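Structural overview for review
Take a look at the letters that make up each chain.
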Amino acid sequence: MEHASNDPSRDGVLVDGAVTRPSRLTAHDLGRLPQRTVTCTFRGSSGTRTHTYAGPLLLDVLHQAEPRFDPRIKADPVRHVITATGGDQQQATLAWAEIDPDFAGRAVLVALTEDGRPAEGGRPRVVVPGDKCGGRYVAGLVRLHLSAPFPGGGARP
Ligand SMILES: Nc1nc2c(c(=O)[nH]1)N[C@H]1C(S)=C(S)[C@@H](COP(=O)(O)O)O[C@H]1N2
Ligand SMILES: [Mo]
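Residues numbered from 1 in each chain as written. Chains lettered and ligands numbered in written order. Predicted model: local features only at pLDDT ≥ 70, side-chain atom pairs only at ≥ 80, totals over all residues. Heavy atoms only, no water.

By the naming in an unreviewed UniProt entry, the protein goes by Molybdopterin-dependent oxidoreductase and is assigned to Micromonospora zamorensis.

Laid out in structure tokens, this is it:
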């Protein structure tokens, strides 16, 4: 059973998985991280829309939970994915390398506002500048989970 930690009636976004400091971050907590603003266009449920979103970088949200990457595994970060889950259990994944500035370094946000107003339901929305379709714009965010989907990885001798 996906336990109560993922319960949308609970406040905050659970940040867990391969992290040293799992946490549950409220909008207030997220608002204390450095804020970024992006304007992006995507195909949503009612056609193509353009909005301005603001909130912390997904990278910073995960960094405050301290990703548990293993220095003995070659390029361990690029084996990892982030699964974003909405309160309705809608899910999407991003590769760690998409948000890591050493790789694609995209400005993916955990948006608190859309066009200056609180995001729908008062919960953050993942915003993925450059995605043409809205599928990864997970709304009503309740969880961000970091994981390496396959065991193993190339350990250095
Ligand atoms: N929580 C949640 N987020 C979601 C979805 C959903 O069903 N639930 N649908 C996704 C899909 S497939 C699209 S295209 C966009 C649609 O966004 P919009 O309804 O704001 O246009 O939201 C995405 N985020
Ligand atoms: Mo969609």
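The structure having been displayed, the exposition proceeds.
Another aspect to go through is the pairing of strand β4 (residues 47–56). Taken together, the ten bridges between strand β3 (residues 35–44) and β4 define a ladder with antiparallel strand orientation. Residue pairing for β4: Q35 is matched across the bridge by P56. Hairpin connection, β3 to β4: the antiparallel pair is bridged by two residues. Pairing of β4 with strand β8 (residues 113–114) involves two bridges; the strand directions are antiparallel. Across the sheet, residue A54 finds its bridge partner in β8, namely T113. (Pairing = 2+ DSSP bridges. Helix = DSSP H or I, 4+ residues; strand = E, 2+ residues; numbered from the N terminus.)

The UniProt record marks residues 13–146 with the feature "domain: Oxidoreductase molybdopterin-binding" (unreviewed entry), using the residue numbering of this structure. Across residues 13–146, the secondary structure splits into 13% helix and 41% strand, with the terminal C-alpha atoms separated by 13 Å. (UniProt positions renumbered as here; feature names shortened; annotations may be inferred.)

Neighbouring ligand 1 are R43, G44, S45, R49, D88, Q90, R125, G134, G135, Y137, V138 and A139. Side-chain polar atom of Q90 to an oxygen atom of ligand 1: 3.5 Å apart, as the coordinates give it. A distance of 2.9 Å separates a nitrogen atom of ligand 1 from a polar atom in the backbone of Y137. For ligand 1, whose free accessible area comes to 540 Å², the fraction covered by protein is 70%. Each residue belonging to the shell around ligand 1 can be placed in one class, and the counts come to three nonpolar, five polar and four charged. (Near = heavy atom within 4 Å. Polar contact = N/O pair within 3.5 Å; in protein donor to acceptor, adjacent residues only side chain to side chain. Areas by Shrake-Rupley, 256 points an atom, 1.4 Å probe, with all protein chains shown as cover. Nonpolar A, V, L, I, M, F, W, Y, C, P; charged D, E, K, R; others polar.)

Looking at the element boundaries, T85 is found in strand β5 (residues 81–86). Overall, the relative accessible area of 2% leaves T85 in the buried class. A distance of 3.0 Å separates polar atoms of two side chains, one belonging to T85 and the other to Q91. (Buried < 20%, exposed > 50% of the residue type's maximum accessible area, 1.4 Å probe, protein only.)

Below, the discussion takes up the pattern of salt bridges. Tallied over the full model, the rule gives ten salt bridges. Across the pair E114 and R49 runs a salt bridge whose closest N-O atoms are separated by 3.6 Å. Of the two residues, E114 sits in strand β8 while R49 sits in strand β4, which places them 65 residues apart along the sequence. Of the charged contacts in the structure, one is a salt bridge between R106 and D131, with a shortest N-O distance of 3.0 Å. Here D131 lies in the loop between β10 (125–127) and β11 (141–147) and R106 lies in the loop between α3 (96–99) and β7 (109–111), a separation of 25 residues in the sequence. One connected set of salt bridges, linked through shared partners, spans E98, R106, D131 and R136. (Salt bridge = Lys/Arg side-chain N within 4 Å of Asp/Glu carboxyl O.)

We now examine the sheet that holds strand β9 (residues 117–118). Read from one edge to the other, the open sheet built from four strands follows the order β3-β4-β8-β9, with strand pairing classed as antiparallel. Among the strands making up the open sheet, the edge pair consists of β3 and β9. Sheet analysis places β8 next to β9, joined by two bridges and oriented antiparallel. Along β9, the bridge assignment pairs E114 with R117.

On to the environment of F42. For F42, the position within the fold is in strand β3. With relative accessibility at 1%, the residue F42 sits in the buried group. Between the alpha carbons of F42 and D131 there is a distance of 6.7 Å; along the sequence they are 89 residues apart. Contact partners of F42, with chain neighbours within four places excluded, come to G47, T48, R49, H51, Y53, R125, D131, K132, C133, G134 and Y137. (Contact = heavy atoms within 4.5 Å.)

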